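Residue-level listing of the chains:
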Amino acid sequence: MNFSTNTLFHLEDLKQILNDLDKRFILGITTLGLSLFYLGKIWHSYGYFKRRGFNNPKSEFLFGNVRSVFKKKNLSEQFYEWTKTYGKTYGYFEGHLPVYVTSDLDFIQEIFIKQSSNFAARKKIHLNPRDNDPRVDLLIATKSRWKRMRMVMNPTFSSLKLRELDPILVSCADRLIDVLNKEGIECDVDIAQYMKRFTMDSIWNCAFGIDINIQYEKENEYFYKSEEIFRSFAHLNLFTYLADYFHEFRAIIVDFLILTQRVLSIFIDSNKLQAVFWLRYKVRELVELRKRNGPLANRKKDYIQLLLDANEQFQNEKTTDQNEIKKYLTQDEVHSGLMLFMLAGYETTSNTLTNASFVLVTHPKEQMKLYEEITSHFGSDLSLVNSESVQDLEYLDLFIKEVLRVYPIGTIVRRCTNPTQVKGISFGIDDSIAVDVLSIHYDEELWGPVDPNLFYPLRHKEKRHPIAFLAFGAGPRNCIGMKFAINELKIALAKLLINFEFLKSDKISYEKLEFEEGIVRTAVNGVTLNLKKRN
Ligand code: HEM
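Here the residue numbers are simple positions, counted from 1 along each chain's written sequence. The predicted nature of this model means local features are confined to residues of pLDDT at least 70 and side-chain atom pairs, given and counted, to a pLDDT of 80 or more, with totals for whole chains, interfaces and linings taken over all residues. Excluding hydrogens and water, the side-chain figures rest on all heavy atoms present in the structure.

Per an unreviewed UniProt entry, the protein goes by Cytochrome p450 CYP3045C15 and derives from Brachionus calyciflorus. UniProt positions are given in the numbering used here, feature names are shortened, and annotations may be inferred rather than shown by experiment. UniProt's Cofactor (unreviewed entry) comment on the protein is quoted here verbatim: "heme".

Q: I keep staring at the overall build of the protein and nothing clicks. Help me out?
A: Counting its regular elements, the protein contains 20 helices and 11 strands. Each of the three principal axes of the protein carries a C-alpha extent, and together these read 110 × 60 × 60 Å. Each residue gets one of three labels from its accessible area relative to the maximum for its type: buried under 20%, exposed over 50%, partly exposed in between, using a 1.4 Å probe on protein chains only. Sorting the 535 residues of the protein into buried and exposed places 51% on the buried side. Throughout, a contact is declared for two residues whenever any of their heavy atoms are within 4.5 Å. Long-range pairs, those at least 24 residues apart, make up 73% of the contacts in the protein between residues at least 6 apart in sequence. Using a 1.4 Å probe, the Shrake-Rupley method yields the accessible areas, and only the shown protein chains count as cover for residues. Here the protein displays about 26,100 Å² of accessible surface, and carbon together with sulfur accounts for 56% of that area. None of His or the chain ends enter the tally, which takes Lys and Arg as positive and Asp and Glu as negative. Charged groups are reduced to one reference atom each: NZ for lysine, CZ for arginine, CG for aspartic acid, CD for glutamic acid. On the protein, the mean spot of the 71 positive side-chain charges and the mean spot of the 68 negative ones are 3 Å from each other. Runs of E in the DSSP output that reach at least two residues are strands. Runs of H or I that reach at least four are helices, and both are numbered from the N terminus.

Q: Explain the pattern of salt bridges here, please?
A: Where side chains of opposite charge bring their charged atoms close, a pairing between them can arise. In the sections that follow, a salt bridge refers to a side-chain nitrogen of Lys or Arg positioned within 4 Å of a carboxyl oxygen of Asp or Glu. By the definition in use, this model includes 30 salt bridges. Note that D131 and K124 form a salt bridge whose closest N and O atoms lie 3.6 Å from each other.

Q: Got a minute to help me understand a nonpolar patch on the surface in this structure?
A: Side chains of L32, L36, L39, W43 and F61 sit close together on the surface and give an oily, nonpolar patch of about 560 Å² of accessible area. Relative to the helices and strands, W43 is located in helix α1 (residues 2–45). Like charges within 9 Å and nonpolar side chains (Val, Leu, Ile, Met, Phe, Trp, Tyr) within 5 Å are joined into patches, using only residues over 30% in relative accessible area that form no salt bridge.

Q: What's the story with the nonpolar core in this structure? I'm lost.
A: One broad trend across soluble globular proteins is that nonpolar side chains are buried collectively. Here, the term nonpolar core denotes a set of buried Ala, Val, Leu, Ile, Met, Phe, Trp, Tyr and Cys residues that are joined through side-chain atoms within 4.5 Å. In terms of nonpolar packing, the biggest core is built from 101 residues, with W204, F208 and F399 touching the most fellow members. Here this core gets 13 residues from one element, more than from any other, and that element is helix α15 (residues 331–362). Residue contacts for F208: discarding those within four places in its chain leaves I203, L279, V283, L286, R290, D302, I304, L338 and M342. Listed in part, the 29 residues of the second largest apolar core include F49, I433, I440 and I467.

Q: Even after reading the chapter, I still don't get the UniProt feature "transmembrane region" (unreviewed entry) in the protein, so can you show me in this structure?
A: According to UniProt, the feature "transmembrane region" (unreviewed entry) maps to residues 25–43 in the numbering used here. In residues 25–43, the share of helix is 100% and the share of strand is 0%. The end C-alpha atoms are 26 Å apart.

Q: Please explain the coordination of the iron atom of the ligand as it appears in this structure.
A: Tetrahedral coordination by four donors places them ideally at 109.5 degrees to one another around the metal; octahedral coordination by six donors ideally gives 90 or 180 degrees. Coordinating donors are taken as N, O and S atoms within 2.8 Å of the metal, stretched to 3.2 Å for Na, K and Ca; because water is absent from the atoms, sites can appear incomplete. Among protein atoms, the single one acting as a donor to the iron atom of the ligand is C479 (SG), 2.3 Å away. The residue C479 is located in the loop between α19 (444–447) and α20 (482–499) in this model.

Q: Is there a simple way to explain the environment of D188 in this structure?
A: Inspection of the secondary structure assignment puts D188 in strand β3 (residues 188–190). Overall, D188 belongs to the partly exposed group, its relative accessible area being 30%. Between the C-alpha atoms of D188 and E445, which are 257 residues apart in sequence, the distance is 40 Å. If near-sequence neighbours (up to four positions away) are discounted, D188 is found in contact with S505, K507, T528, L529 and N530. Polar contact is defined as a pair of N or O atoms within 3.5 Å, subject to the rule that within protein one atom must be able to donate a hydrogen and the other to accept it, and that residues adjacent in sequence are counted only when both atoms are side-chain atoms. Of note is the side chain of D188, whose polar atom sits 3.0 Å from the side chain of S505. Separated by 3.1 Å, the side chains of D188 and K507 make a polar contact.

Q: Which parts of the structure should I look at to understand the state of the cysteines?
A: Put plainly, two cysteines are in a disulfide when a covalent bond ties their sulfur atoms together. Disulfides are defined as cysteine sulfur pairs within 2.5 Å. Counted under the stated rule, the structure contains 0 disulfides. Free cysteine: C206, not disulfide-bonded; nearest cysteine sulfur from C172 at 5.8 Å.

If you want it as structure tokens, here you go:
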């Protein structure tokens, strides 16, 4: 009896083992099969451009061209070099994701303007969320959602509305002058640090309506936290690499990160969250506060108010046309719209001011021309400088355009959202295109006869090809903040030039500005210079 029960037990055990083995075996085989299939797909991807008759630089399995670009830390300059070898339109691989690169203006005109509705998205990068994520902002929104968001936000960036932010912008520029008077006279200063704080000050004041003393207080928590967001774009982490090398899993990686931060935010102080989540948390708080308390007393409007007012106005709008897109922003989109003011408006503007300072130091004649134009308008009365009066400074306008031509902030990109043909090339959903802006901005045919390598603002007086100047992008999806940025640049530069002479420091060489590129191109070592107070 004992014997037979034991035998029965052993037999069942054996059956179970075989059963488990079977399951493990099937699981193992399936995993191996799927991995081989995925590796095969990756391998097949690398033939993408050859199959379409385009050149591409040699790439590494799995990494594509990403490692060489990361090593160089400068995508724009890499494109510029590749274009010399591979021509006006070619391809490269981000991981195994094929991306076209072009500096062909007809091609760009077709994609960015004529067929913009077929390319109604930007190329995904790093940790971009899913297209339908509720937190998507204008920069990464796609198709009709982008259209709806842009329709609500467009009026908030009109000249009339921006005038309401004018006093805040002017007072931030006055603080910049004050701080430089105290800290920057006749000693070496890295002007980039001051431009960053000035721009951040303008954003927190103009966009969020709070004054956090960023220009005066060196150890400012808001400054460090906001800066951290930009550092995380330039110095990537494991998740970013994974999302770049295995783009099919990007959405899952991002969902995982969002979920972890959400769970963490229940248990830990918001200050300890990753910087971008910290910013969202702050913005949400500020919007809630504003909704509870209404507009700020004794103050001109800030961007929170402009956006909330525009949203409310559109929501109350009655329409009889069934086909008209209803204009509104969801709660999440309002928060994202405000965060974007910082994400899109900070480094772009502060870097342009830093680059402009480099030009002022290295081109004393340009500096003198600007000084003469500004003082002939305002004398030394700083109170006359505002966003309306600076529009009369024609040479300053040409100067800023030339700074942006010579030092564009980066590349511009689109992603196909409807299958289509452009110049005989078939584009499928999610095919991506990047523009080699440097090759266009330095093209002799487009920008001659004066050598495009020379800094020459007057070249902008001549009529050029409508998309030869791409500093603010092209087509309906160009930079929505352009007017605000130009106002800010003009006000700051006019005030700086009335107050200071920009001189070289004798400790550094001014041969060339070296850039590294995260989301935008940033001068690696800032710009060290000497300021001399003008009488
Ligand atoms: C010198 C400063 C700036 C430069 C050079 C600049 C440049 C650009 C460029 C090149 C684009 C991409 C355009 C395209 O893809 O065609 C862009 C988009 C954008 N910029 Fe700016 N920008 C600047 C300042 C600002 C500021 C201050 C804000 C906000 C206050 C801003 C908000 C945006 C937004 C929201 C987009 C996305 C627009 C959309 O997709 O509809 N930018 N910018």
